[in-house]
Amino acid sequence: MRRLAIKPRGDWRACAQALGFVHHTIEGEPYWDESACYAFTLREIEDDIEAATGALVELSLELVARVAGDEQALERLAIPRHAWDLIAESWRRREPSLYGRFDLAYDGKGAPKLLEYNADTPTALFEAAVFQWRWLEDGRARGFLGHDADQFNSLHEKLIQRWREVGRGDDRAGMLHFTCMGASAEDTGTIDYLEDCARQAGLSTGKLDIGAIGVKDGTFVDLQDQRIERLFKLYPWEFIFADAFGTSPAMRRTRFLEPPWKCILSNKGALALLWEMAPGHPNLLPTFFLDDDRKSQIGPRFAQKPLYSREGANVLLVDDGKVLGRTTGTYGLEGYVRQALVDLPNFDGNYPVVGSWVVGDHPAGVGIREDHSRITGDRSRFVPHYIE
Amino acid sequence: MKRSSAVMLIAAGTLTVGAYAVHEQRNCRIDGNGVTPPGCQSSSSGFSSSRGSSGSTSFYSSSGSSQSSSTPASTAARGGFGATGAAHSAGS
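Engineer: Help me understand the overall build of chain B in this model?
Structural biologist: Each helix and strand in chain B was counted, giving 1 helix and 2 strands. Helices (α) and strands (β) of chain B occur, in sequence order from the N terminus, as α-β-β. When burial is assessed residue by residue, chain B has 42% of its 92 residues classed as buried. Total accessible area computed for chain B in this model is approximately 4,400 Å², and 52% of it derives from carbon and sulfur atoms.

Engineer: Could you clarify how one ought to interpret helix α7 (residues 185-200) of chain A in this entry?
Structural biologist: It helps to recall that an α-helix has 3.6 residues per turn; residues three or four apart then point in one direction. Relative to the 22 Å expected for 16 residues at 1.5 Å per residue, α7 of chain A spans 22 Å between its end C-alpha atoms, a close match to the ideal helical length. Directly after α7 of chain A, the chain includes Gly202 of chain A, whose backbone phi takes a positive value near 95 degrees.

Engineer: Explain the sheet that holds strand β15 (residues 316-319) of chain A to me, please; I cannot follow it from the model alone.
Structural biologist: Whenever strands of a sheet pair, they do so through backbone hydrogen bonds, lying parallel or antiparallel. Residue and element names in this part refer to chain A. Taken in spatial order, the 5 strands make up an open sheet running β13-β17-β14-β15-β16, and their pairing is antiparallel. Each end of this open sheet is capped by a strand with a single partner; those strands are β13 (287-289) and β16 (322-326). Going across the sheet, the axis of each strand differs from the next one's by a mean of 20 degrees, ignoring polarity. Sheet analysis places strand β14 (residues 301-306) next to β15, joined by 4 bridges and oriented antiparallel. Bridging from a neighbouring strand, Ala303 pairs with Leu317 of β15.

Engineer: What is the right way to look at the packing of aromatic side chains in this model?
Structural biologist: All names here are of chain A. Going through the model one piece at a time under the given rule, you end up with 22 aromatic pairs over all chains. Of the aromatic side chains, those joined through ring pairs into one cluster are Phe21, Tyr31, Trp32, Phe126, Phe131, Tyr193 and Phe382. The aromatic ring of Trp357 is capped on one face by Arg101, whose charged end is 5.5 Å from the ring centroid. Sitting over the ring of Phe302, Arg338 keeps its end group 3.7 Å from the ring centre.

Engineer: Any chance you could explain the pairing of β16 of chain A here in plain terms?
Structural biologist: All names here are of chain A. Direction of pairing for β15 relative to β16: antiparallel, over a ladder of 4 bridges. Counted as the bridge partner of Val318 is Val323 from β16. Counting the residues between successive antiparallel strands, the hairpin from β15 to β16 contains 2 residues, one of them, Asp320, with a positive phi of roughly 50 degrees.

Engineer: Looking at this model, I keep getting lost on the domain arrangement of chain A. Mind explaining?
Structural biologist: Reports often express the size of an interface as the amount of accessible area lost when the parts come together. Residues and elements named next belong to chain A. Segmenting chain A into domains produces domain 1 (2-266 + 347-387) and domain 2 (286-340). Inter-centroid distance (C-alpha atoms) of domain 1 to domain 2 is 24 Å. Counting from both sides, the interface comprises 20 residues of domain 1 and, opposite them, 18 residues of domain 2. Interface of domain 1 and domain 2: buried area, both sides summed, is about 1,500 Å²; carbon and sulfur atoms make up 52% of it. Summed over the three residues of domain 1 that lose the most area to domain 2, namely Arg76, Glu238 and Ile375, the buried surface amounts to 38% of that side. The interface formed by domain 1 and domain 2 contains 0 salt bridges. Inspection of the domain 1/domain 2 interface yields 4 residue pairs in polar contact (both at pLDDT 80 or more). For the side of domain 1 that touches domain 2, the secondary-structure elements that each account for two or more residues are β6 (113-118) and α8 (237-242).

Engineer: Would you mind going over empty space enclosed by the protein with me for this structure?
Structural biologist: Unfilled space is identified by rolling a water-sized probe across the atoms. Residues and elements named next belong to chain A. Applying the stated criterion across every chain yields a total of 8 cavities of 30 Å³ or more. The calculated volume of the largest cavity comes to roughly 490 Å³. Forming the boundary of the largest cavity are 35 residues, of which Leu115, Glu116, Val353, Ile375 and Thr376 lie nearest the centre. The residue inventory of the lining of the largest cavity, partitioned by class, reads 16 nonpolar, 9 polar and 10 charged. Viewed by domain, the lining of the largest cavity spans two of them, domain 1 (2-266 + 347-387) and domain 2 (286-340), each represented by three or more residues.

Engineer: Would you mind going over the pairing of strand β11 (residues 230-234) of chain A with me for this structure?
Structural biologist: Taken residue by residue, a regular strand's side chains alternate between the two faces of the sheet. Residue and element names in this part refer to chain A. Among the 5 residues that make up β11, 5 are buried, leaving the element largely enclosed by the rest of the structure. On β11, burial covers both faces: Arg230, Phe232 and Leu234 on one face and Leu231 and Lys233 on the other are all buried. In this structure, strand β7 (residues 176-180) lies alongside β11, joined through 5 bridges in parallel fashion. Residue pairing for β11: Phe178 is matched across the bridge by Phe232. As judged from the 3 bridges shared by β11 and strand β12 (residues 255-257), these two strands associate in the parallel manner. Along β12, the bridge assignment pairs Arg230 with Arg255.

Engineer: What exactly am I supposed to notice about helix α10 (residues 269-277) of chain A here?
Structural biologist: All names here are of chain A. Counting buried residues along α10, 8 of its 9 residues qualify, which places the element largely inside the surrounding structure. Among the residues making up α10, those that are buried are Gly269, Ala270, Leu271, Ala272, Leu273, Leu274, Trp275 and Met277. Contacts made by the buried residues of α10 are with α2 (42-67), α3 (71-76), β6, α9 (262-266), β13 and β17 (336-340).

Calculation notes
Along every chain, residues carry numbers that run from 1 in the direction the sequence is written. Chains carry letters and ligands carry numbers; both start at the beginning, A for chains and 1 for ligands, and go up in the order they are written. Under the rules for a predicted model, residues below a pLDDT of 70 receive no local features and side-chain atom pairs below 80 are neither given nor counted, while totals for whole chains, interfaces and linings still include all residues. Only hydrogens and water are removed before side-chain values are computed, so all heavy atoms of the structure are retained for them. In this text, helices come from DSSP runs of H or I with a minimum length of four residues, and strands from runs of E with a minimum of two, each type numbered from the N-terminal end. For the exposure calls, accessible area comes from a 1.4 Å probe over protein chains only, and a residue counts as buried if that area is under 20% of its type's maximum, exposed if over 50%, partly exposed in between. Surface exposure here means Shrake-Rupley accessible area, sampled with a 1.4 Å probe, where a residue is shielded only by the protein chains that are shown. Working rule for helices: expected span equals 1.5 Å times residues minus one. Here, any two strands with at least 2 DSSP bridges between them count as paired. Fitted lines through C-alpha atoms serve as axes, helices being fitted only where they are in contact, and the angles separating the N-to-C directions of these axes extend from 0 to 180 degrees. Classification of ring pairs uses Phe, Tyr and Trp, with its six-membered ring standing for Trp, and accepts pairs whose centres are within 6.5 Å; under 30 degrees between planes counts as stacked, over 60 as edge-to-face, and the remaining range as tilted. Any Lys NZ or Arg CZ that is within 6 Å of a ring centre and within 35 degrees of that ring's normal is treated as a charge sitting over the ring. Residue ranges assigned to each domain were obtained from an automatic or database domain assignment. Contacts are assigned to residue pairs that have any heavy atoms within 4.5 Å of one another. Each of two parts loses accessible area, computed with a 1.4 Å probe, when they are put together; buried area is these two losses added. For this analysis, a salt bridge means a side-chain nitrogen from Lys or Arg found within 4 Å of a carboxyl oxygen belonging to Asp or Glu. Between N or O atoms, a polar contact is any pair within 3.5 Å; within protein, one atom must be a potential hydrogen donor and the other a potential acceptor, and residues adjacent in sequence are included only when both atoms are from side chains. Residues are said to line a cavity or pocket when one of their atoms sits within 4 Å of a point; the points come from a 1 Å grid over protein atoms alone, cavities being sets where a 1.4 Å probe fits but cannot get out and pockets being open sets with protein on both sides within 12 Å along at least five of seven lines. Grid points are joined across faces, edges and corners, and a volume is the space filled by probe spheres set on the points. All amino acids are sorted into three groups, where Ala, Val, Leu, Ile, Met, Phe, Trp, Tyr, Cys and Pro are nonpolar, Asp, Glu, Lys and Arg are charged, and the leftover types, Gly among them, are polar.

In structure tokens:
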């Protein structure tokens, strides 16, 4: 794994605009950053990242199988009681998952370590699936990458295939609705892209803001009062459970993507439960709930993360009493986990995190975010990669 | 090879006029009074529903693709989702 400084394409902004990738720059700061790239060997991709991702998928599904009907575990995860049956039922039916992203600490030497699993509402998808691939194509054509340069990226094809499988596996003939908070350009862009993939898979789709969803005659309806049979929601399960409609009987009449059982895995408490289930696993870091006395096993170097948090909010990094990093935010009421601190590789002051994508149950590609901080947040830059 | 480049090229071509092109139409959503902004295509519903066909360039040819206003006859209760997320960023 190497970080290479390279010359950005002169027309990359125009290329991004042409593809509708509008948040390549955020408040004047680059989000898409092709002044550098990461180079991997095929061995690093296949034996380390892809293999670790496959192992983490298996571990995650095993954890859900154990926890979905375990009230004590759901309580530890601070999942509200009114959601328990919905979660258990969705797992009993094996309601399908579309996608997720494992965030890994990886330096090209040791085993990748799981920092967290964005199992419910992962973003940074279009740039990983499409714009990064376009960069590779241009690199090969223009000669700044070798003709045989490759990329770990089959996201787009797998997403379309997964939508086909989801469509085939559901006898509900109605439209597939998409929703998110419409005020977020990144979120609307993500569901625009996923909707496009669904349509290419032959599904009938529609889209509306999360706040526009209605309830009528005990079912969720869209703005035309059409029943919402299937809903892809880029809106976290913990928010749904806390919202007024989260306790509505209509919750049982719509099938959701991601399914309710995914809320177990998107919860940072799952990191503690995974470690409890598979202590010493090479791709896991020692993690405990903050109210668990065993957290002292971790020692003086740790990261503290809220059970529910997004975009690196409310994270604390400590090394032997010294605060290495701290972010603010609005999370943490439900509790925290403490995770052994792992050193991210430091490339001239840039700390990359490897986002390893899963579509269905299969590894599907990577997208790298880097920051000058050890905490990856919503402003961390997306840097492309290739396989040498 | 870790992926099929041939498939991707076709898909990226679709995307050029597909998913992210919708951003360019964000300001074309019908406003609260049911009025389509100048320069935008009009739509009777402000809502896109289409049957996909691989490689089609017509996915976003109608109106932008979001529902933006409810049918006047709607009696549904609305606004029960979104409050918790309003103070947070929903993605990760």
